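Each chain, letter by letter, is given below.
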Amino acid sequence: MVILPATYIGNAKHMHEYARYAMTYVRWDGRPDLFITFTCNIAWSEINEELAHGQSPADCHDLIARLFSQKLIKLIDIITKICVYGEENCCIYSIELQKGVFRILTS
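Conventions used here
- Residues numbered from 1 in each chain as written.
- Predicted model: local features only at pLDDT ≥ 70, side-chain atom pairs only at ≥ 80, totals over all residues.
- Heavy atoms only, no water.
- Helix = DSSP H or I, 4+ residues; strand = E, 2+ residues; numbered from the N terminus.
- Buried < 20%, exposed > 50% of the residue type's maximum accessible area, 1.4 Å probe, protein only.
- Contact = heavy atoms within 4.5 Å.
- Phe/Tyr/Trp six-rings, centres within 6.5 Å; stacked < 30°, edge-to-face > 60°.
- Lys NZ or Arg CZ within 6 Å of the ring centre and 35° of its normal.
- Core = buried A, V, L, I, M, F, W, Y, C linked by side-chain atoms within 4.5 Å.

Draft legend 1. Representation of the overall build of the protein chain in the model. Of regular secondary structure, the protein chain possesses three helices and three strands. The N-to-C order of helical and strand elements in the protein chain reads α-β-α-α-β-β. For the protein chain, with 107 residues in total, the buried portion stands at 20%. Taking all contacts inside the protein chain whose residues are at least 6 apart in sequence as the whole, residues at least 24 apart take part in 44%.

Draft legend 2. Just the packing of aromatic side chains, in detail. The full count for this structure, using the stated rule, is two aromatic pairs. One aromatic cluster in this structure is built from Phe38, Trp44 and Phe68. One cation-aromatic arrangement involves Lys71 over Trp44; the distance from NZ or CZ to the ring centre is 4.4 Å.

Draft legend 3. Region of interest: unusual backbone geometry. If you check the backbone angles, Cys83 has positive phi at about 60 degrees while not being a glycine. Secondary-structure assignment places Cys83 in the loop between α3 (61-80) and β2 (93-98). Cys83 gets classed as partly exposed once you look at its relative accessible area, which sits at 37%.

Draft legend 4. Looking closely at the side chain of Thr80. Position of Thr80 relative to the elements: it lies in helix α3. Those residues in contact with Thr80 that lie beyond four places of it in its chain are Glu88 and Cys91.

Draft legend 5. Looking closely at the nonpolar core. Formed by Phe38, Cys40, Trp44, Ile47, Leu51, Cys60, Leu63, Ile64, Leu67, Phe68, Leu72 and Ile76, the largest nonpolar core amounts to 12 residues. The leading source of residues in this core is α3, at six residues. In this structure Cys60 touches Leu51 and Gln55, once residues within four positions along its chain are discounted.

Written out as structure tokens, the structure reads:
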């Protein structure tokens, strides 16, 4: 039997620690008003423009991750700096990798 520390990413202790952090924000700032799922689409025109002849998006993980990061930053800027949904008290987000697709959860 092996007991993994909370610093080992992906195990139960690690996820429990993240859940505790999120509940701390809820205690201080109240329940979240907004929950957004932002999914990367490998058919984005920006990805296809950068591919070499004969390449598929699955061959360029770095390109997809970089583009997703840029679009994520832009989305967070629109929500927080332009105040589309009003003034914010707190912003929490989580990036998950599921079956080769990046996903963002924001509250």
